[in-house]
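Structural characterization, general
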Amino acid sequence: MTPKPERPDRPDRRTSVRRPDALAVRVDRELVRTTYHSSRYVVAELVAPPAPPTTDGRQRPAATLAFVLDRSGSMAGRKIELAREAVRQAIERLGARDRFSLVVYDDHIDVVMPTTLATPEARREALDRLGRIDARGSTDLGSGWLRGAEQVAERLDREGVNRVLLLTDGLANVGMTDPDELIHHAAQLRERGIATSTFGLGNDFNEALLQGMASAGGGSFRYIERAEQIPDHLAGEVGEALEVTAQDAALEVTTPDGLRVDTLTPRPLETHGNRTLVRLGDLVSDQLVRVILRIGFPMGEPGREIGALIAVTDRDGAFGAEPATVTWRYADNPTNDRQPRDREVDRVVARTYADRALSDVVALNRQGRYDEARRLLLGVARRIRQYAGHDAVLVGIVEELERAADHWSVMQSEFSRKAMYAQRSYSMNLREASGAAMRRPPSPRS
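Residues numbered from 1 in each chain as written. Predicted model: local features only at pLDDT ≥ 70, side-chain atom pairs only at ≥ 80, totals over all residues. Heavy atoms only, no water.

A closer look at the sheet that holds strand E6 (residues 109-117)
Read from one edge to the other, the open sheet built from six strands follows the order E6-E5-E4-E7-E8-E9, with strand pairing classed as mixed. A single partner strand is all that each edge strand has here, and the edge strands are E6 and strand E9 (218-224). Within this sheet the neighbouring strands show an average axis-to-axis angle of 10 degrees, counted without direction. Inspection of the sheet shows strand E5 (residues 99-105) paired to E6 by six bridges, in the antiparallel sense. Looking across to E6, one finds that arginine 99 is bridged to leucine 117. (Pairing = 2+ DSSP bridges. Helix = DSSP H or I, 4+ residues; strand = E, 2+ residues; numbered from the N terminus. Axes fitted to C-alpha atoms, helices over the stretch in contact; angles between N-to-C directions.)

This is the structure in structure tokens:
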């Protein structure tokens, strides 16, 4: 079962500086139709709080991390050796206030190192024990991951960063194997303060499962193409965990009755009456985040105005972003047809629809459903072409989809599928090509 750590009352919210530049909102069109259920798009872009300067005496939040490593038979040889090296590099980045644990799994689960402070002695002992681990057996991913979560739960730090880092090169084929169940558990853990980040190595893991667990779990997903990249990816993720400045962040949308709020961005969405939350997870210093909302409107009388309030929240009130209000006005069809469009919003929305389609064709191609993959891509291309006009960016997206329709209408290698899925995942989640968080560039020096 999912661990259920007791979570004490949250600390007082931090005193935060209001940052009017932390949240920016744009809409594709400002008019909606009186006699039709219109849909309009909102692009919300936000910047996570910067890390405080080291000169102000404040310490970063302590981290409690569980490293959960696949040691099934497919990890034998170079993979398991590099996984050991990755853990060594990762725990070397931890400070004296941080804690870590090591769990390995195949069809049996072993806690190699229970949660402990990252002292030099503990690091040496952990690496010595890890050095005795060999690859073997099947892949009980669910039990290994939950055992790591239990280790974090035992030392849950309500003011710190609590995260499981799960590395696998295979499919969950023993124990809990249902993807929906695993993703549900990831969401439950996030609610209790434990995030999940996932790393898929090679060509045999389930990319949709690992992406889903990371999204629901408030962490990130990374694709490791070659074993030699394991240390860089794991160390990079630990580095980000040590730079978290906003925990359990969310975009909160408050609307009047009758409006429907959905998101194109692959983030968990929750609706509570007139409030909709798009869960963003833990954000690192100066991280850039983009959320695309699709708003559905009821019919209304001409001239009536209707709006939404958009705000950013996080567990401890670190954001301090000014909320934004967006307003639409009802108008007749001819007036709607003549209204201008925000081309920047059109481009972002089109790119996201294209990315979603290119992600979906991976599974279709794997299943041999080539005609369906082709129809999907061409259908999205047609819809974008309807409003592309002569815009070079939009036309380029259409042409990309049309080329991809030919490419994915025949069998592709598993490497090509994994690479495509990862690229589109990073694009939709506004992450670098390496999987690292995209950040606001530093201000130029005066």
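Topic: the side chain of threonine 265
By the secondary structure assignment, threonine 265 is in the loop between strand E11 (260-263) and strand E12 (269-272). Among the polar contacts listed, one links the side chain of threonine 265 to the backbone nitrogen of isoleucine 292, at a separation of 2.9 Å. (Polar contact = N/O pair within 3.5 Å; in protein donor to acceptor, adjacent residues only side chain to side chain.)

Thoughts on the nonpolar core
Formed by 61 residues in total, the largest nonpolar core has its most connected members in Leu141, Trp145, Val164, Met213, Leu377, Ile384 and Leu401. Among the elements that make up this core, the one with the highest residue count is helix H8 (residues 343-366) (11 residues). Setting aside residues up to four positions removed in sequence, isoleucine 384 forms contacts with Ala350, Leu394, Ile397, Val398 and Leu401. The next biggest cluster of nonpolar side chains, apart from the first, holds 38 residues, and it includes Leu130, Ile224, Ala227 and Ala437. (Core = buried A, V, L, I, M, F, W, Y, C linked by side-chain atoms within 4.5 Å. Buried < 20%, exposed > 50% of the residue type's maximum accessible area, 1.4 Å probe, protein only. Contact = heavy atoms within 4.5 Å.)

Re the packing of H8 against helix H10 (residues 392-407)
Pairs of packed helices are described in terms of their axes, by the angle between the two and the distance that separates them. It is at 9 Å that the axes of H8 and H10 come closest, and there the two elements cross at 10 degrees. On the basis of the axis angle, H8 is roughly parallel to H10. Within the contact between the two elements, H8 uses Arg343, Asp346, Arg347, Ala350, Arg351, Ala354 and Leu358 and H10 uses Val393, Leu394, Ile397, Glu400, Leu401 and Ala404. Looking at the contact of H8 with H10 residue by residue, the classes come out as eight nonpolar, no polar and five charged. (Parallel < 35°, antiparallel > 145°, perpendicular 65-115°, else oblique. Nonpolar A, V, L, I, M, F, W, Y, C, P; charged D, E, K, R; others polar.)

Quick look at the sheet that holds strand E2 (residues 31-33)
Read from one edge of the open sheet, six strands run E2-E16-E15-E10-E13-E12, paired in mixed fashion. This sheet does not close on itself; its edge strands, each paired only once, are E2 and E12. Sheet twist, expressed as the average angle between the axes of neighbouring strands with direction ignored, equals 25 degrees. Here five bridges tie strand E10 (residues 244-254) to strand E15 (residues 305-313), and the two strands are oriented antiparallel to one another. Bridge pairing in E15 links threonine 254 to leucine 309.

A look at the packing of aromatic side chains
Scanning all chains against the criterion turns up four aromatic pairs. Summarising the aromatic geometry, the rings of tyrosine 41 and tyrosine 353 are spaced 6.1 Å apart at their centres and angled 90 degrees between planes, so their arrangement reads as edge-to-face. Taken together, the residues tyrosine 41 in strand E3 (residues 39-47) and tyrosine 353 in helix H8 connect sequence positions 312 residues apart. Under the relative-accessibility criterion, tyrosine 41 is labelled buried at 14%. When the centroid spacing of 6.4 Å and the interplanar angle of 55 degrees are considered together, the rings of phenylalanine 205 and phenylalanine 221 count as tilted. Of the two residues, phenylalanine 205 sits in the loop between strand E8 (195-201) and helix H5 (207-216) while phenylalanine 221 sits in strand E9, which places them 16 residues apart along the sequence. Comparing phenylalanine 205 with phenylalanine 221, the two get one shared label, buried. Clustering of aromatic rings is evident, with ring pairs tying together Phe205, Phe221 and Tyr223. Residue placement shows lysine 418 over the ring face of phenylalanine 205; its charged tip is 4.9 Å from the ring centre. (Phe/Tyr/Trp six-rings, centres within 6.5 Å; stacked < 30°, edge-to-face > 60°. Lys NZ or Arg CZ within 6 Å of the ring centre and 35° of its normal.)

Brief notes about the pattern of salt bridges
Applying the stated criterion across every chain yields a total of 46 salt bridges. For the salt bridge of arginine 29 with aspartate 28, the shortest nitrogen-to-oxygen distance reads 3.5 Å. For the pair arginine 29 and aspartate 28, a shared accessibility class is recorded, and that class is buried. Salt-bridge contacts for aspartate 248 lead to arginine 279; the nearest nitrogen and oxygen are separated by 3.7 Å. Placement of aspartate 248 in strand E10 and of arginine 279 in strand E13 (residues 275-284) is noted, with a sequence separation of 31 residues between them. Of the two residues, aspartate 248 and arginine 279, neither departs from the other in class, the shared state being buried. One network of salt bridges, with partners in common, ties together Arg163, Arg222, Glu237, Glu240, Asp282 and Arg431. (Salt bridge = Lys/Arg side-chain N within 4 Å of Asp/Glu carboxyl O.)

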